[in-house]
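Overview (structure and organization)
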Amino acid sequence: MTLDDLKARHSALLAARYSGTRSVSYDGKSINYSSDAELAAAIADIERRIAALERTSRRVLRPFAVKDL
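This report concerns the structure included in the present document. Just so it is clear, the structure is predicted and the values come from calculations on it, not from any experiment. (Residues numbered from 1 in each chain as written. Predicted model: local features only at pLDDT ≥ 70, side-chain atom pairs only at ≥ 80, totals over all residues. Heavy atoms only, no water.)

**Considering the nonpolar core**
Using the following cut-off: Put simply, buried Ala, Val, Leu, Ile, Met, Phe, Trp, Tyr and Cys residues joined by side-chain atoms within 4.5 Å make one nonpolar core. Here's how the labels work: a residue is buried when its accessible area is under 20% of the maximum for its type, exposed when over 50%, partly exposed in between, all with a 1.4 Å probe on protein chains only. The way it works is that DSSP assigns letters per residue, a run of H or I at least four long becomes a helix, a run of E at least two long becomes a strand, and they are numbered from the N terminus. We call two residues in contact when some of their heavy atoms are within 4.5 Å.
If you look at the biggest cluster of nonpolar residues, it comprises 12 residues: Leu6, Ala12, Leu13, Ala16, Val24, Tyr26, Tyr33, Leu39, Ala42, Ile43, Ile46 and Ile50. Where this core is concerned, the elements lending two or more residues are α1 (3-19), β1 (23-26) and α2 (36-54). Other than its neighbours up to four places away in sequence, Ala16 contacts Thr21, Ser23, Val24 and Leu39.

Pasting the structure below:
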């Protein structure tokens, strides 16, 4: 999945949770969640995936010199 797909699903899940429904539709598919806890778990999973894709490794290079005497 691409980052844009994950963000679209995330906003669909949040909209469903805030409106009080437990049914989410995106990309022509419909998913029914049995409880709010299950919906919250799906949101947390999507957020973890988004964070993993957005995370970039940043290396800090610190040059140093050694002087042999």
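**Regarding the pattern of salt bridges**
Threshold: Any Lys or Arg side-chain nitrogen found within 4 Å of a carboxyl oxygen on Asp or Glu counts as a salt bridge.
The tally for this structure, following the rule as stated, stands at 4 salt bridges. Two residues, Glu54 and Lys7, come together in a salt bridge whose shortest N-O distance is 3.2 Å. On the criterion of sequence distance, the pair formed by Glu54 in helix α2 and Lys7 in helix α1 is long-range, its members being 47 residues apart. Asp36 is the partner of Arg17 in a salt bridge, and the nearest nitrogen-oxygen pair spans 3.1 Å. Pair noted here: Arg17 is in helix α1 and Asp36 is in helix α2, with a separation of 19 residues, a long-range link. Through salt bridges that share partners, Asp45, Arg48 and Arg49 make up one connected network.

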